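Residues per chain, in single letters:
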Amino acid sequence: MSPQTNSIKDEKPLHSWQNAVSGATAGIISRFIIAPLDVVKIRFQLQSEPQSILTAPSTARSVASTQYQTIWQSLTKIIRDEGYRGLWKGNLSAGYLYLTYGATQFYAYYEYEKYLTSMCGLRSTAISSFSGALAATSATILTYPFDLLRTRFAIQDHTGPYHSLRSAIVRIYMSEGVLGFYRGLGTAVLQVGPQMGVVFAIWSAGRKHFIKPTDSETAKQSKNFIVGLVAGIVGKTSIMPFDVIRKRLQVQGPTRSSYIITSPEYPKSALACAKQVVRTEGFLALYKGLVPSLLKSGPSSAVTFLIMSAPLMDGTQRRLISVIKHRHVDTRENDRHSHSHVHLARGKTISQFGAK
């Protein structure tokens, strides 16, 4: 046995907090990349005119009253009316959201997976899926106030009700109470569990069956990107109606008419809200913003899992992972150790990358 292999055996498994740092860093990077599409998606979702699934208004009458009609038209309108910074509105609260959400999600995922694996005595796609759903639900509940703040900042102009993150928190607390930060939470919980369960299941199964130990590092990175892309698209499409209803509920309250887009008044119940949307705008309204959402979520998941699986590594770490993954095919027990060691090298690298 080579000295390099012996040194690998001496490595300690990656701690949960290191997984959390990796997840948080990946979330922040992917968030910055897709922020403009997120702003456009939110504005599509909050428009109450009848609209097609491709986000274009369905009638000539609705075209005249619709501010945001296509992705390109919306991007140019935002830049013209609000400047380039308008494309990153709500990015501060979204940054806190993704930082805490990514950290909580990946920390909880590996903790849940470790616990369930020890109980069942084996790894499986079902365990990965269930762990992903539990982790995402935990992260959603913890970070939901930032999600609500992100939505409200994304649809206000310079005359809007909130001038800073601190003032927004104070104003919401004073006028709506603690529960004001959790408008639409039930819909979010119903949405994120199934979505992330699907995402992690596809990611886990894809890596198992699509990525081979003999693949080059470049091939593995490309395949990780593809697996993450498919996982994000399928997961997001499956829960799109929940996302639309959540956004509608998040902007309810005393500031409802103070935004760029004035939202109708909706019942507090998610089901009643959905019925009102379908009755007044048609069934396809539940899929408003689908295209920018897929353009956002697919690459976002791909980038996140690519960074988690194959970050920028120096030559030593590449050789380390090469040896580890060679051992991956030996036995199931070796697979468990290899899984942890891969994350060890990955966690160190991504922490350094995020600190730059």
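First, a word on what this report is: a plain description of the structure on this page.

Conventions used here
- Residues numbered from 1 in each chain as written.
- Predicted model: local features only at pLDDT ≥ 70, side-chain atom pairs only at ≥ 80, totals over all residues.
- Heavy atoms only, no water.
- Helix = DSSP H or I, 4+ residues; strand = E, 2+ residues; numbered from the N terminus.
- Contact = heavy atoms within 4.5 Å.
- Expected span 1.5 Å × (residues − 1).
- Bend = angle between axes of the 7 residues up to and from the residue.
- Polar contact = N/O pair within 3.5 Å; in protein donor to acceptor, adjacent residues only side chain to side chain.
- Buried < 20%, exposed > 50% of the residue type's maximum accessible area, 1.4 Å probe, protein only.
- Salt bridge = Lys/Arg side-chain N within 4 Å of Asp/Glu carboxyl O.

Describing the environment of T255
- As for its position among the elements, T255 is in the loop between α10 (240–250) and α11 (270–281).
- Separated by 94 residues in sequence, T255 and P161 have C-alpha atoms that sit 7.0 Å apart.
- Residues in contact with T255, not counting those within four places in the same chain, are R152, P161, Y162 and R171.

Here's the deal with helix α6 (residues 125–154)
- In a regular helix each residue adds 1.5 Å, so 30 residues correspond to 44 Å; α6 covers only 37 Å between its end C-alpha atoms and thus falls short of that length.
- A maximum bend of about 65° is found in α6 at T143, where proline P145 lies one to four positions downstream.

Comments concerning the side chain of E281
- Examined against the element boundaries, E281 turns out to sit in helix α11.
- Reaching out from E281, the side chain makes a polar contact with the side chain of R248 at a distance of 2.8 Å.

A word on the environment of I78
- On the secondary structure map, I78 appears in helix α4 (residues 71–82).
- Among the residues examined, I78 registers a relative accessible area of 0% and is labelled buried.
- With near-sequence residues (within four places) excluded, I78 lies in contact with V39, V40, R43, Y68, G83, G86 and L87.

A short note on the pattern of salt bridges
- Going through the model one piece at a time under the given rule, you end up with 17 salt bridges.
- In this structure, D243 and K41 form a salt bridge, with 3.0 Å as the shortest nitrogen-oxygen distance. Within this pair, whereas D243 is found in helix α10, its partner K41 is found in helix α2 (residues 16–46), the two being separated by 202 residues in sequence.
- Exposure remark for K41: the relative accessible area of 2% places this residue in the buried category.
- Through salt bridges with shared partners, a single ionic network connects D38, K41, D147, R150, K236, D243, R246 and K247.

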